[in-house]
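Structural description and commentary
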Amino acid sequence: MEIEIATVGGYEEVGRQMTAVRMDDEIVVFDMGLNLSQVLIHDNVQTETMHSLDLIDMGAIPDDRVMSELDGEVTAIVPTHGHLDHIGAIPKLAHRYDAPIVATPFTIELVRDQIADEDKFDVDLDLQVMNSGEQMAVSDQVQMEFVNVTHSTIDAINPVLHTPEGAIVYGLDKRLDHDPVLGDPIDMKRFREIGREGDGVLCYIEDCTNANQKGRTPSESVARKELHDTMLSLEDYDGGMVATTFASHIARVSSLLEFAEEIGREPILLGRSMEKYTGTATNLDVNLPDNIEMYGHRRAIDQSLERIMDDGKENFLPIVTGHQGEPRALLTRMGRGETNYDFDTGDKVIFSAGIIPEPTNEGNRYQSERLLKMQGARIYDDIHVSGHLRQEGHYQMLEALQPQQLVPAHQDLKGLSGYVNTANAFGYEVGRDMHLSRNGNIIQLTE
C-alpha cells in the first residue's frame with residue numbers, strides 16, 4: 001500500500017493544524033485549525049465573514065492547496081478535540097471535501113457551533129459521532145480507531161489508522177494524565193498494544209509544544225489542588241475577586257465553580273466562549289455543578305457586572321474570558337475600565353492559565369496584567385498545568401509505540417529541538433526515520 005503524509009499546517013508554528021494521510025486512493029484529514037494569533041494582530045477582524053483565501057494569506061488557516069497533489073479522495077475529516085487551533089478552519093475549508101466530519105460528542109457539538117456561525121461558506125457535511133475506544137472502516141483495508149487521551153479539554157482522542165503496512169498514530173494533543181478531574185485517564189495500555197500488534201506502528205505524528213521542557217507534565221489534579229489552596233487562602237478577603245481560564249477547559253471551570261461556592265462566593269461565567277463551551281458540556285450531561293449561571297451576550301454581561309457591583313463584589317466570583325490578554329476579551333476590557341466593574345486596591349485576579357508560547361499572546365498578556373495592576377489588582381498567576389507532554393512524556397510514548405518513523409509537529413524548528421534530542425536517545429535520526437517537515441510538504445512513507 002502506498003502511504004503519504006501531507007503536512008498541510010501546524011508544522012512551522014503552534015496553531016492552524018492540518019494533516020492529511022493518503023493510503024492508496026483513500027485520504028483521511030486530521031484537524032483543520034486556526035492560528036488565532038494571526039487574527040488578533042489585526043483590529044476588529046471577523047473571521048466569520050472572511051474568505052478562506054484571505055485567511056490563508058494572513059497565515060490564519062492552513063493553505064490546503066497541497067491537497068491537490070494527493071492522488072485520492074478524502075473519506076473523513078477528523079478533528080481530535082475542540083480547540084480552535086484544531087477546528088477553527090473547518091467552516092472555511094471543509095466544504096471543499098465531500099466527506100463526513102467524524103469526532104467525539106463534545107467536539108462534534110463545537111464543530112456544529114462553528115459551522116452555524118459561518119457567514120461566508122455553506123458547510124453541508126455529515127457530522128458523525130464516534131467515541132473513544134471505537135473503530136470505523138475507512139476502506140476495505142484500513143480501520144480508524146479513537147484512543148482516549150487527556151488534554152486541557154474533554155473528549156480528546158488520538159486517532160489511529162490501522163493499515164496493512166502498520167499503524168499510523170496521529171498524536172496531537174495530549175498529556176499523560178492518570179488522575180484527571182473529568183473523564184477517563186489516558187489509555188496507555190491501548191497505546192502499548194498498538195505498538196506491538198501486527199507490523200507495529202509505521203509512523204507516529206507527535207505534538208511537540210512542550211518538547212523543550214524537562215520532566216513530565218503534572219496531572220490536572222495537581223492544578224486543582226493548587227487552585228483550591230489559592231482560593232482557600234483568599235476566603236477571608238472582603239473585596240473583589242475575578243478568575244480567568246481557558247473556556248474550553250471544562251475540568252478547570254468545574255473546579256472554579258466548586259471552590260467559589262466553598263469560599264462563600266457566587267460564581268458567574270461571563271463571556272461568549274464561556275457560555276458556549278460550558279453550555280455544550282452541560283447539554284451533554286458532563287458532571288458539572290447544577291444551575292450554572294452564565295452569560296455570553298454583551299448586554300447580559302453588563303447587567304451581571306452591574307448586579308455584582310450593586311450587591312457587593314465580595315459575594316461573587318466572576319469567571320471571565322481573557323486569560324491570554326485578548327484585546328476584545330472581557331478581562332482586558334475590565335482592565336481598561338470599559339465595563340462597570342470597578343477594581344479597588346488589593347482586589348484579586350486569578351489567572352488559572354498559562355501563556356500560549358507565541359509572541360502575540362505574550363505581549364497581550366503582559367499588557368492585560370499591567371492594566372489590572374495599574375488599577376490596584378493583585379495578580380495570582382499561572383495556577384495551571386499544561387495539556388501537552390514534556391520530555392519524559394515523549395520518552396514514554398516512544399517507549400510504548402516503538403514507531404518505525406516519526407513526524408514532529410505543533411512547533412517551529414527551535415521548539416522541535418527538544419523532541420529531536422529525545423528521539424535521538426531511541427536511535428532515530430533526522431533525514432532517515434525522523435521527518436522535520438514544513439507546511440505544504442508531502443512525506444512518502446511507503447511506495
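About the thresholds
- Residues numbered from 1 in each chain as written.
- Predicted model: local features only at pLDDT ≥ 70, side-chain atom pairs only at ≥ 80, totals over all residues.
- Heavy atoms only, no water.
- Phe/Tyr/Trp six-rings, centres within 6.5 Å; stacked < 30°, edge-to-face > 60°.
- Helix = DSSP H or I, 4+ residues; strand = E, 2+ residues; numbered from the N terminus.
- Buried < 20%, exposed > 50% of the residue type's maximum accessible area, 1.4 Å probe, protein only.
- Lys NZ or Arg CZ within 6 Å of the ring centre and 35° of its normal.
- Patch = residues over 30% accessible without salt bridge, like charges linked within 9 Å, V, L, I, M, F, W, Y side chains within 5 Å.
- Areas by Shrake-Rupley, 256 points an atom, 1.4 Å probe, with all protein chains shown as cover.
- Salt bridge = Lys/Arg side-chain N within 4 Å of Asp/Glu carboxyl O.
- Lys, Arg positive; Asp, Glu negative; His and termini not counted.
- Charge placed at Lys NZ, Arg CZ, Asp CG, Glu CD.
- Pairing = 2+ DSSP bridges.
- Axes fitted to C-alpha atoms, helices over the stretch in contact; angles between N-to-C directions.
- Contact = heavy atoms within 4.5 Å.
- Expected span 1.5 Å × (residues − 1).
- Arc of directions from axis to C-beta.

**What about the packing of aromatic side chains?**
Applying the stated criterion across every chain yields a total of three aromatic pairs. Consider the rings of F30 and Y170, whose centres lie 4.7 Å apart with planes at 20 degrees: the pair is stacked. On the criterion of sequence distance, the pair formed by F30 in strand 3 (residues 26-30) and Y170 in strand 10 (residues 166-171) is long-range, its members being 140 residues apart. Taken individually, F30 and Y170 each receive the classification buried, so the pair is uniform in this respect. With a centroid separation of 5.1 Å and an interplanar angle of 65 degrees, the aromatic rings of Y341 and F343 are classed as edge-to-face. Grouping residues by exposure puts Y341 and F343 together as buried. A cation over a ring is seen here: K348 above Y237, with NZ or CZ 4.5 Å from the ring centre.

**Thoughts on a negative patch on the surface**
Taken together, D25, D71, E73, D98, D122, D124 and D126 make up a surface patch of like negative charges. When you line up the elements, D98 lands in the loop between helix 4 (90-93) and strand 5 (101-103).

**Focus on the sheet that holds strand 8 (residues 143-148)**
If you trace the six strands from one edge of the open sheet to the other, you get 7-8-9-10-11-18, paired in mixed fashion. Two strands lie at the open edges of the sheet, namely strand 7 (135-137) and strand 18 (405-409), each paired on one side alone. Neighbour to neighbour, the strand axes of the sheet diverge by 15 degrees on average, direction disregarded. Relative to strand 11 (residues 201-207), strand 10 is paired through five bridges, and the arrangement is parallel. Bridge assignment links Y170 to a residue of strand 11, and that residue is I205.

**Some details on the sheet that holds strand 17 (residues 378-380)**
Here six strands make up an open sheet; going across it, the order is 14-13-15-12-16-17 and the pairing parallel. If you trace the sheet from one side to the other, it starts and ends with strand 14 (294-295) and strand 17, each paired once. Of the strand pairs in this sheet, strand 13 (residues 266-270) and strand 14 are connected by two bridges, and their pairing is parallel. Across the sheet, L269 pairs through a bridge with M294, a residue of strand 14. Of the strands in this sheet, strand 12 (241-244), strand 13 and strand 15 (316-320) touch helix 8 (residues 250-262), which is tilted by about 150 degrees from strand 13.

**Description of the pairing of strand 2 (residues 18-23)**
Extensive coverage of strand 2 is indicated by the burial of six of its six residues. Neither face of strand 2 is open: one carries M18, A20 and R22, the other T19, V21 and M23, and all of them are buried. Examined bridge by bridge, strand 1 (residues 3-9) and strand 2 share six bridges and lie antiparallel to one another. Its bridge partner being in strand 2, I5 is matched across the sheet by V21. One ladder, built from five bridges, connects strand 2 with strand 3; its direction is antiparallel. The partner of A20 across the bridge, within strand 3, is V29. Turn length for the strand 2-strand 3 hairpin, with the two strands adjacent in sequence and antiparallel, is two residues, and the turn residue D24 shows positive phi of about 55 degrees.

**With respect to helix 10 (residues 298-311)**
With 14 residues, helix 10 should cover 20 Å at 1.5 Å per step; its first-to-last C-alpha distance of 20 Å lies within 8% of that length. When we look at burial in helix 10, the residues that qualify are I301, S304, L305 and I308. Within helix 10, the buried residues cover an arc of 95 degrees as seen down the axis, which keeps them to one side. Opposite its buried face, helix 10 presents the exposed residues R299, Q303 and D310, each directed more than 90 degrees away.

**Examining unusual backbone geometry**
Glycine aside, negative phi is the norm for most residues, and most peptide bonds take the trans geometry. Put simply, L172 and D173 share a cis peptide bond, and its omega is -25 degrees. By secondary structure assignment, the location of D173 is in the loop between strand 10 and helix 6 (188-196). One non-glycine residue, D24, lies in the positive phi region at around 55 degrees. Along the chain, the position of D24 falls in the loop between strand 2 and strand 3. A relative accessible area of 28% places D24 in the partly exposed class. In this structure, H410 is a non-glycine residue whose phi angle is positive, near 70 degrees. For H410, the location among the structural elements is in the loop between strand 18 and helix 14 (413-424).

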